[in-house]
Amino acid sequence: MLPAPATPAKPAPKPPALRAILWGGLLCGTLDALFAIVLWGTMRGVAPGRVLRAIAGGLLGPEAFQGGAGMTALGLALHFVIALGAAATFVSAARILPVLAKRPAISGALFGLAVYFFMNLVVLPLSATPPRAFPPPFFVVGLLGHIAFVGWPIAWAANRFLK
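Residues numbered from 1 in each chain as written. Predicted model: local features only at pLDDT ≥ 70, side-chain atom pairs only at ≥ 80, totals over all residues. Heavy atoms only, no water.

This part covers the overall build of the chain. Broken down by element type, the chain carries six helices and zero strands. Each helix and strand of the chain, placed in order from N terminus to C terminus, yields the pattern α-α-α-α-α-α. In terms of overall dimensions, the chain is more spread out than a globule: its C-alpha atoms have a radius of gyration of 19 Å, far above the 15 Å expected for 163 residues. On the principal axes, the C-alpha backbone points of the chain span a range of 75 × 40 × 30 Å. Counting over 163 residues, the chain shows a buried share of 34%. Here the analysis covers contacts within the chain between residues at least 6 apart in sequence; of these, 72% occur between residues at least 24 apart. Surface exposure of the chain reaches about 9900 Å², of which carbon and sulfur atoms provide 74%. (Helix = DSSP H or I, 4+ residues; strand = E, 2+ residues; numbered from the N terminus. Rg over C-alpha atoms; globule rule 2.2 N^0.38 Å. Buried < 20%, exposed > 50% of the residue type's maximum accessible area, 1.4 Å probe, protein only. Contact = heavy atoms within 4.5 Å. Areas by Shrake-Rupley, 256 points an atom, 1.4 Å probe, with all protein chains shown as cover.)

Of note, Thr 72 is situated in helix 3 (residues 69-96). Side-chain polar atoms of Thr 72 contact the side chain of Arg 53, separated by 3.0 Å. When residues no more than four places from it in sequence are discounted, the contact partners of Thr 72 are Gly 49, Leu 52 and Arg 53. (Polar contact = N/O pair within 3.5 Å; in protein donor to acceptor, adjacent residues only side chain to side chain.)

The next thing to look at is helix 1 (residues 16-44). Its 29 residues give helix 1 an end-to-end C-alpha distance of 40 Å, which sits within 8% of 42 Å, the value for a rise of 1.5 Å per residue. The first or second residue beyond helix 1 is Gly 45, which carries a positive phi of 70°. (Expected span 1.5 Å × (residues − 1).)

Let us look at the packing of helix 3 against helix 6 (residues 136-161). Their axes nearest at 10 Å, the elements helix 3 and helix 6 cross at an angle of 50°. The angle between helix 3 and helix 6 places the two elements in the oblique class. For the pair helix 3 and helix 6, the sense of crossing is right-handed. Where helix 3 approaches helix 6, its residues Ala 83, Ala 86, Ala 87, Phe 90 and Val 91 are matched on the opposing element by Ile 154, Ala 155 and Ala 158. Within the contact of helix 3 with helix 6, the residues separate by chemical class into eight nonpolar, no polar and no charged. (Axes fitted to C-alpha atoms, helices over the stretch in contact; angles between N-to-C directions. Parallel < 35°, antiparallel > 145°, perpendicular 65-115°, else oblique. Left-handed = near helix turned anticlockwise from the far one by under 90°. Nonpolar A, V, L, I, M, F, W, Y, C, P; charged D, E, K, R; others polar.)

Bringing the environment of Ala 20 into the picture now. Mapping Ala 20 onto the fold places it in helix 1. Sequence spacing of Ala 20 and Ile 82 is 62 residues, and the spatial spacing of their C-alpha atoms is 15 Å. Residues in contact with Ala 20, not counting those within four places in the same chain, are Gly 25, Val 91, Ala 157, Ala 158, Phe 161 and Leu 162.

Ranked by size, the top nonpolar core spans 19 residues in total, and within it Phe 90, Val 91, Phe 111 and Ile 154 carry the most contacts. Secondary-structure elements contributing two or more residues to this core are helix 1, helix 3, helix 5 (104-126) and helix 6. Top element by residues in this core is helix 3. It accounts for six residues. The contacts of Ile 154, once residues within four sequence positions are left out, are Gly 24, Cys 28, Ala 83, Ala 86, Ala 87, Phe 90 and Phe 111. If you look at the next biggest cluster of nonpolar residues, it comprises six residues, including Phe 35, Ala 36, Trp 40 and Phe 138. (Core = buried A, V, L, I, M, F, W, Y, C linked by side-chain atoms within 4.5 Å.)

This is how it looks when you write it as structure tokens:
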């Protein structure tokens, strides 16, 4: 009698928190990058690569603007690291306070605002990028963009996977 054929081992499912972080971070990173590229391209005529090099400039300073595809790729990678960090922060908080995942519209909006102010009041002043003032329309659009493209995708992912 022949032995039964071995069934291939199925990969272990990712824990719900990790799935929430990955999905939230990837959604946030993608939507926020597209938002920034469209916003700066439309309102100021800035090329997409320059938007991403500005992110690399936060780490490397003005020299990042002189770089080419490598600096653009670094800026994109840093952007996703930040997005995944934001998602990990929200998911960690939602595991302690489950109401955050249960009410994604409210908690996501508040989290998006918190990320906006943290980035603008803490991260950017500590970065290697020279400070610059933004006109009031950019402030309002930035707030709304962080609600819609940062807070809500992350909160939605937490709501979806942390049940």
